[in-house]
Amino acid sequence: MILEAYSSQKRITKTIPLQSDLVVVGGGLSGVCAAITAARSGLKVILLQDRPVLGGNASSEVRLWSLGATSHMGNNNRWSREGGLINEILLENLKRNKEGNPLIFDTVLLEKVYEEENITLLLNTAVYDVEKGDDNRIKTATAFCSQNSTTYVANAPLFCDASGDGIIAFMAGASFRMGAETKEEFDEGFAPNLEDYGNLLGHSLYFYTKDIGKPITYTPPSFAIKNAEELPRIKNFQLGDHGCKLWWVEHGGRLDTIHQSEDIKFELWKVVYGIWDYVKNSGKYPEAANLTLEWVGTIPGKRESRRFEGDFMLTQKDIVEQRDYYDAVSFGGWAMDLHPADGIYSKHNSCTQWHGKGVYSIPYRCYYSKNIDNLFLAGRIISASHVAFGSSRVMLTCAHGAQAVGEAAVICKEEGLLPRDIASKEKIGKLQLALNRNGQSIPRLSLEDTDDLAIRANIEASSTLAFTGFAAADDWQVLKFGLAQMVPLKANETYSFEFEVDALEATNLELQLKSSSACSNFTPDVIIDKKEIDLKKRETKNHFYNY
Ligand SMILES: Cc1cc2nc3c(=O)[nH]c(=O)nc-3n(C[C@H](O)[C@H](O)[C@H](O)COP(=O)(O)OP(=O)(O)OC[C@H]3O[C@@H](n4cnc5c(N)ncnc54)[C@H](O)[C@@H]3O)c2cc1C
């Protein structure tokens, strides 16, 4: 039994001091990848995550698809899937969880972290304070776990902020930006018109529905909006849409996305329950009779808040022109994807996406604070303009860059360096090589690895099979719009392509042979040759194209 007498002094909660080589704040995909990478090379890592599961926006609490340079094959960067640790995680997830159950993905991530003996994982533990060693260094991060009423004081020579809002970077005084730059500052034509389009991307909240096999009625909570049919975006809704298909249920870009986050979430709850009221009770969706709400998010997906300044700031031109820098350590390929600040209430399209012609590289100098000497940055808070962040913010790009942070921390420990020191021309090669050896390719960067035995190995095959082509499929495709087939070809060879077309109407068919303007891209932006063929109605023609 515990019996404590009255105390006129305030009591303090149990406090545990912790010591490590690296403290990672935030257990989204970025924090997880930074922590595992460093731990696998022997660093003692403390991973502090304020919520009960890992994964951040990819967790079962929020349920976003993790995307990266390939945009789920929605753009031309088809062969640009991120390698390294995030690939290992995704392959494991694919093996166990090809249906994409977010609860299973939580366990895949948790297992990966749990298996690392060098990681002290503290879930439900929110960092709320920092102590500085001097003007430019963080000494400790303090966090509280409400589940065990314990305060942790985490001490380390190196810190990584992967918290999405940049909690320790902010408290330590690191310079940051929030909101869109003007077009003039970085000569960015895609910078939004602030009054009309807005400054920040908003939050979104998802829901899932379930067919229970018999009709079910729905009474909305009194706070649900009553006019869902007037939402400009409601026309986007189709019965059966759930999860990420509801990304357009967005709000808050005109508010303070950090300090008004709870207000934004509440507004999104009003909208979600109002939409469901409209679906169930307006009479316009009779097929929804057996449907019930199975899950509604309680934590909104937050798209944008602070972006911290590194020694380099990624901008639109770096992405569009695919500029390469000596310290490239990662890459992106998602579109520069901006959203109107008015979100679900906006008259604009739900998003504006500008696709580059190929992947772009991200310099190491984006991954550490320019003012706080022992602070790495990972995730959506890295040093990028608002426009460039529109692309670099997707989770596989975040995770890939975070692996570079984890590797850089290892070199810092081995050589007694600080994050900035690794950006030197002498040191960066070591980091790039370490990343490459761990499966992380860096676009257009060829590295000489003298220890790579594969280069000198003799490879023999016990048998061979020559590729003679694919057989044509039986089903016909109606050419409602231009279609293309991408094929890898060798230089200085002659190729022949065959098409079989059947004209439903007399028409004129244009054929184009295209290539990419840059050899590392797959965007067919250069026309090498073109031909026109007149077809009569119902004429079937085999057409050969030699090149
Ligand atoms: C609605 C929406 C749709 C999107 N769609 C996609 C998409 O389809 N695909 C895609 O790849 N990206 C998408 N994005 C972008 C992407 O989700 C984010 O940019 C990305 O999650 C950023 O990664 P992060 O690791 O920086 O942050 P997060 O994933 O948010 O992770 C940060 C983690 O830090 C933790 N944390 C925060 N504060 C503290 C603290 N004080 N102490 C301890 N821990 C803390 C949080 O709990 C969280 O787990 C979308 C974003 C939103 C909001």
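Note that this is a predicted model, so its numbers are computed, not measured. (Residues numbered from 1 in each chain as written. Predicted model: local features only at pLDDT ≥ 70, side-chain atom pairs only at ≥ 80, totals over all residues. Heavy atoms only, no water.)

Trainee: Please clarify how the packing of aromatic side chains should be interpreted in this entry.
Mentor: Aromatic rings in a pair are described by how distant their centres are and how their planes are angled relative to each other. Taken as a whole and assessed by the stated rule, the structure comprises 14 aromatic pairs. Taken together through their ring pairs, the aromatic side chains of Phe207, Phe237, Trp276, Tyr278 and Tyr285 make up a single cluster. Across from the ring centre of phenylalanine 176, 5.4 Å away, lies the NZ or CZ of arginine 306, which sits over that ring. (Phe/Tyr/Trp six-rings, centres within 6.5 Å; stacked < 30°, edge-to-face > 60°. Lys NZ or Arg CZ within 6 Å of the ring centre and 35° of its normal.)

Trainee: When you look at the sheet that holds strand 6 (residues 137-145) in this model, what are you seeing that I'm missing?
Mentor: What links the strands of a sheet is backbone hydrogen bonding, and the strands pair in either a parallel or an antiparallel sense. If you trace the four strands from one edge of the open sheet to the other, you get 1-7-6-5, paired in mixed fashion. The two strands at the open ends of the sheet, each matched to only one other strand, are strand 1 (14-19) and strand 5 (125-134). In this sheet, adjacent strand axes meet at a mean angle of 20 degrees when their direction is disregarded. Inspection of the sheet shows strand 5 paired to strand 6 by eight bridges, in the antiparallel sense. Bridge assignment links aspartate 134 to a residue of strand 6, and that residue is arginine 137. (Pairing = 2+ DSSP bridges. Helix = DSSP H or I, 4+ residues; strand = E, 2+ residues; numbered from the N terminus. Axes fitted to C-alpha atoms, helices over the stretch in contact; angles between N-to-C directions.)

Trainee: Looking at this structure, I do not really get the site of the ligand. What am I missing?
Mentor: Taken together, 32 residues lie near the ligand, and Ser30, Asp50, Trp65, Arg393 and Met395 sit nearest. Here an oxygen atom of the ligand and a side-chain polar atom of asparagine 57 are 2.9 Å apart. Here leucine 67 contributes a backbone N or O atom positioned 2.8 Å from an oxygen atom of the ligand. In isolation the ligand offers 980 Å² of accessible surface; the protein chains occlude 93% of this area. Of all elements in the fold, only strand 5, strand 14 (301-302) and helix 8 (395-415) reach the threshold of two or more residues within the shell around the ligand. When residues of the shell around the ligand are assigned to their parent elements, the largest contribution, three residues, is made by strand 5. (Near = heavy atom within 4 Å. Polar contact = N/O pair within 3.5 Å; in protein donor to acceptor, adjacent residues only side chain to side chain. Areas by Shrake-Rupley, 256 points an atom, 1.4 Å probe, with all protein chains shown as cover.)

Trainee: Explanation requested: the sheet that holds strand 20 (residues 375-377) in the structure shown.
Mentor: Ordered in space as 4-3-2-8-20, the five strands form an open sheet in which the pairing is parallel. The sheet is open, and its two borders are formed by strand 4 (119-122) and strand 20, each paired with just one other strand. Each neighbouring strand pair of the sheet contributes to a mean axis angle of 20 degrees, computed without reference to strand direction. Sitting on the sheet, helix 1 (residues 29-40) touches strand 2 (22-25), strand 3 (45-48), strand 4 and strand 8 (158-161), and the angle it makes with strand 3 is about 165 degrees. (Contact = heavy atoms within 4.5 Å.)

Trainee: In this structure, what is going on with the side chain of threonine 142? I would like to understand it.
Mentor: Relative to the elements of secondary structure, threonine 142 occurs in strand 6. Threonine 142 has contacts with Ala126, Val127, Tyr128, Asp129, Thr151, Tyr152 and Val153, leaving out every residue within four places of it along the chain.

Trainee: Please explain the packing of helix 8 against helix 9 (residues 425-437) as it appears in this structure.
Mentor: How two helices pack is summed up by the angle between their axes together with the distance between the axes. Two elements in contact, helix 8 and helix 9, have axes whose closest approach is 10 Å; the angle formed by their N-to-C orientations is 125 degrees. Accordingly, the angle class assigned to the pair helix 8 and helix 9 is oblique. Regarding helix 8 and helix 9, the two cross each other, and that crossing is right-handed. Contacts between helix 8 and helix 9 pair Gln403, Ala404, Glu407, Ala408, Ile411, Glu414 and Glu415 from the former with Lys427, Lys430, Leu431, Ala434 and Leu435 from the latter. A class-by-class count of the residues in the contact of helix 8 with helix 9 yields six nonpolar, one polar and five charged. (Parallel < 35°, antiparallel > 145°, perpendicular 65-115°, else oblique. Left-handed = near helix turned anticlockwise from the far one by under 90°. Nonpolar A, V, L, I, M, F, W, Y, C, P; charged D, E, K, R; others polar.)

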